[in-house]
Amino acid sequence: MSIKTPLTLMLGSLLLFSSVAPVTLSANNAQKSKPFLIQGKLPHLTMMVKMMWDDADLALTKAQKQKLLKIRKETISGAQKLNKEIMALESKIVQASNQGANPASLKKDVFKLANLRAQATMLHLKCIYNTRKVLTQDQLDILE
């Protein structure tokens, strides 16, 4: 047996597994998708603030912390509510499509899904805007 045979088998296996991995990863990502239209390009500002909540350099005041908690609570509860609706509607559309539904029959639900995702995106944008209004420029510089 020459060295070519084991090497060929190893390379073939590597190629096979590397081509399967992206499919598996994308399937997992679909399960964990966020409800927003814009994915991964906007800051998660309240999370960054949360991570530095008691940081001496950030130096949040008590009043700022109260405002930031209110913003975060409103955003999270709104996003969770929308995400629940989005995931249910998305599942309904996928199931219908997989069962051979005519795309025209899904149009109303698709537009509703797009509207829900737009609402979630606006909620995120409002959160970023309101959080920035609470923080000073020095605090924003520390976070960004």
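What counts and how
- Residues numbered from 1 in each chain as written.
- Predicted model: local features only at pLDDT ≥ 70, side-chain atom pairs only at ≥ 80, totals over all residues.
- Heavy atoms only, no water.
- Helix = DSSP H or I, 4+ residues; strand = E, 2+ residues; numbered from the N terminus.
- Buried < 20%, exposed > 50% of the residue type's maximum accessible area, 1.4 Å probe, protein only.
- Contact = heavy atoms within 4.5 Å.
- Areas by Shrake-Rupley, 256 points an atom, 1.4 Å probe, with all protein chains shown as cover.
- Salt bridge = Lys/Arg side-chain N within 4 Å of Asp/Glu carboxyl O.
- pLDDT = per-residue confidence, 0-100.
- Core = buried A, V, L, I, M, F, W, Y, C linked by side-chain atoms within 4.5 Å.
- Lys, Arg positive; Asp, Glu negative; His and termini not counted.
- Expected span 1.5 Å × (residues − 1).

A. Just the overall build of the protein chain, in detail. Looking only at helices and strands, the protein chain has five helices and zero strands in total. Counted from the first residue to the last, the protein chain has its helices and strands arranged as α-α-α-α-α. Burial analysis of the protein chain (144 residues in total) assigns 26% to the buried set. Of the contacts made within the protein chain by residues no fewer than 6 positions apart, 77% connect residues no fewer than 24 positions apart. Accessible surface, the protein chain as shown: approximately 10600 Å² in total, 62% of it carbon and sulfur.

B. Region of interest: the pattern of salt bridges. Evaluated as defined, the whole model comprises six salt bridges. Among the salt bridges present, the one from glutamate 85 reaches lysine 81, with a minimum N-O distance of 3.8 Å. With glutamate 85 and lysine 81 both in helix 3 (residues 62–98) and four residues apart, the pair spans about one turn of that helix. Owing to a relative accessible area of 58%, lysine 81 belongs among the exposed residues under this scheme. A salt bridge links lysine 92 to aspartate 109; its shortest N-O distance comes to 3.1 Å. One end of the pair, lysine 92, is in helix 3; the other, aspartate 109, is in helix 4 (residues 103–134), and 17 residues separate them in sequence.

C. Fine view of the confidence of the model for the protein chain. Across the protein chain, the average pLDDT comes to 84, with 78% of residues at 70 or higher. The low-confidence segment residues 7–30 (pLDDT under 50) makes zero contacts with residues lying over four places distant or belonging to another chain.

D. Just unusual backbone geometry, in detail. Look at alanine 59: it is not a glycine, yet its phi comes out positive at around 50°. Inspection of the secondary structure puts alanine 59 in the loop between helix 2 (45–51) and helix 3. For alanine 59, a relative accessible area of 44% translates into the label partly exposed.

E. View of the nonpolar core. Counting residues in each nonpolar core, the largest one holds twelve residues, listed as Leu45, Val49, Leu58, Leu60, Leu68, Ile71, Cys127, Ile128, Val134, Leu135, Leu140 and Leu143. Counting residues per element, this core draws most heavily on helix 4, which supplies three residues. Filtering out sequence-adjacent residues up to four positions away, leucine 60 remains in contact with Val49, Trp53, Lys65, Leu68, Leu135 and Gln139. Membership of the second largest hydrophobic core comes to eleven residues, among which are Ile86, Ile93, Ala120 and Leu123.

F. How the structure looks around the environment of threonine 61. Position of threonine 61 relative to the elements: it lies in the loop between helix 2 and helix 3. Here threonine 61 falls in the partly exposed class, since its relative accessible area comes to 41%.

G. How the structure looks around the side chain of arginine 72. By the secondary structure assignment, arginine 72 is in helix 3. It turns out arginine 72 is buried and unbridged, and the closest side chain with the opposite charge, glutamate 74, is 12 Å from it. When near neighbours in sequence (up to four residues on either side) are disregarded, arginine 72 contacts His44, Thr46, Met47 and Lys50.

H. Local environment of helix 3. The end-to-end C-alpha distance of helix 3, which contains 37 residues, comes to 53 Å, matching closely the 54 Å that a straight helix rising 1.5 Å per residue would cover. Taken as a whole, helix 3 has its buried residues at Gln64, Lys65, Leu68, Ile71, Arg72, Thr75, Gly78, Ala79, Leu82, Ile86, Leu89 and Ile93. Tucked into the core, helix 3 has its buried residues touching helix 2, helix 4 and helix 5 (137–143). Of the residues trailing helix 3, glycine 100 is marked for its positive phi of about 90°.

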